[in-house]
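# Tertiary structure, described
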Amino acid sequence: MRLLLMGPPGAGKGTQAAVIAERFAVPAISTGDIFRANVAQRTALGVSAQEYMNAGEYVPDEITNAMVADRLAAGDCDGGFLLDGYPRTPQQVAELDAILEISGVALDAVVLLEADPDELVSRLLARSREQGRADDTEAVIRRRLEVYAAETGPLAAGYAARALLATVDGLGAVDEVTERILGALTSMSAQRTATSAP
Ligand code: ADP
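Now for a look at the structure at hand. Owing to the predicted nature of the structure, the values given are computational and were not obtained by experimental measurement. (Residues numbered from 1 in each chain as written. Predicted model: local features only at pLDDT ≥ 70, side-chain atom pairs only at ≥ 80, totals over all residues. Heavy atoms only, no water.)

## Points about the sheet that holds strand β1 (residues 2–6)
Strand pairing in a sheet is mediated by backbone hydrogen bonds. Such pairs are either parallel or antiparallel. In space, the five strands of this open sheet follow the order β2-β3-β1-β4-β5, with parallel pairing throughout. Only two strands of the sheet have a single neighbouring strand rather than two, namely β2 (28–30) and β5 (165–169). Each strand of the sheet is rotated relative to its neighbour by a mean of 20°, with strand direction disregarded. Across the face of the sheet, helix α9 (residues 174–196) comes into contact with β1, β4 (109–114) and β5 while running at roughly 155° to β5. (Pairing = 2+ DSSP bridges. Helix = DSSP H or I, 4+ residues; strand = E, 2+ residues; numbered from the N terminus. Axes fitted to C-alpha atoms, helices over the stretch in contact; angles between N-to-C directions. Contact = heavy atoms within 4.5 Å.)

## Notes on the site of the ligand
In the vicinity of the ligand lie 18 residues, with Thr31, Arg36, Glu57, Arg88 and Arg144 positioned nearest. Within the backbone of Gly85, one N or O atom sits 2.9 Å away from a nitrogen atom of the ligand. When isolated, the ligand has an accessible area of 540 Å², and the protein chains bury 96% of it. Mapping the ligand onto the cavity grids shows that it belongs to the largest pocket. (Near = heavy atom within 4 Å. Polar contact = N/O pair within 3.5 Å; in protein donor to acceptor, adjacent residues only side chain to side chain. Areas by Shrake-Rupley, 256 points an atom, 1.4 Å probe, with all protein chains shown as cover. 1 Å grid on protein atoms, 1.4 Å probe; cavity = no way out; pocket = protein on both sides within 12 Å on 5 of 7 lines; lining within 4 Å. Sits in = over half its atoms within 2 Å of the grid points.)

## As for the pairing of β1
The buried fraction of β1 amounts to five of the five residues, a majority that puts the element mostly inside the structure. Side chains Arg2, Leu4 and Met6 project from β1 onto one buried face, and the interleaved Leu3 and Leu5 project onto a second face that is buried too. As paired strands, β1 and strand β3 (residues 81–84) are joined by four bridges and run parallel to one another. From the neighbouring strand, Arg2 faces β3, where its bridge partner is Phe81. (Buried < 20%, exposed > 50% of the residue type's maximum accessible area, 1.4 Å probe, protein only.)

## Describing the pattern of salt bridges
Counted according to the given criterion, the structure contains 12 salt bridges. For Asp33, the salt bridge identified is with Arg36, shortest N-O distance 2.8 Å. Here the residue Asp33 and the residue Arg36 both occupy positions in helix α2 (residues 31–40), the gap between them amounting to three residues, near one helical turn. According to the relative accessible area criterion, Asp33 is partly exposed, its value standing at 46%. Judged by relative accessible area, Arg36 falls into the partly exposed class, the value being 27%. The salt bridge involving Arg180 is made with Glu176; its shortest N-O contact spans 3.5 Å. You can see Arg180 and its partner Glu176 sitting in helix α9, four residues apart, about one turn around the helix. (Salt bridge = Lys/Arg side-chain N within 4 Å of Asp/Glu carboxyl O.)

## Looking at the environment of Ala134
By the secondary structure assignment, Ala134 is in the loop between α6 (117–131) and α7 (138–152). Classification of Ala134 as exposed rests on a relative accessible area of 53%. Linking Ala134 and Ala109, residues 25 residues apart in sequence, is a C-alpha distance of 31 Å.

See below:
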């Protein structure tokens, strides 16, 4: 299973990624988590990413793409993966397509988790009180939502045109949202089987 999880900051991607990846026994790969780990360890990658992250801006594509290419080359991704928070720009979409094409594999589905902006801001502010993430201040949250709407939101249409997109409502209990995602994936693969039948 090769899956992407897309959606605005605060939609619950990280929470759902962990559950869904476990269900399909594939690694959950979060670019945000990898960047944060590098920042914490003060690696060269962390040093170059930190300023962008703290401002709510995207880390430049060359840096992000190289990191993801490296991660997807690891053996644990051979049987599939769930990418959370990548791709977020057209250049990242192109890079991922190229990586998969070289390996002769394809994406199975792209899940878009949706939630209304007020809910997103209140969830992120609540998380900042609990976890104190450097980019969870109100001004940076607003900037992250803006960047998402301008740069990443429009990418969903491209995946819809490739018949890969499943849009799921991210509001509600964690379990409910998980069931919605699994349901959407099941109906997508059933549809695919039906259309590819002889
Ligand atoms: P969120 O989606 O809630 O903003 P993430 O943990 O996924 O949080 O990402 C945190 C930050 O890491 C982003 O604001 C950005 O600076 C950086 N980042 C993560 N993924 C990418 C990506 N695919 N491209 C560029 N920057 C990224």
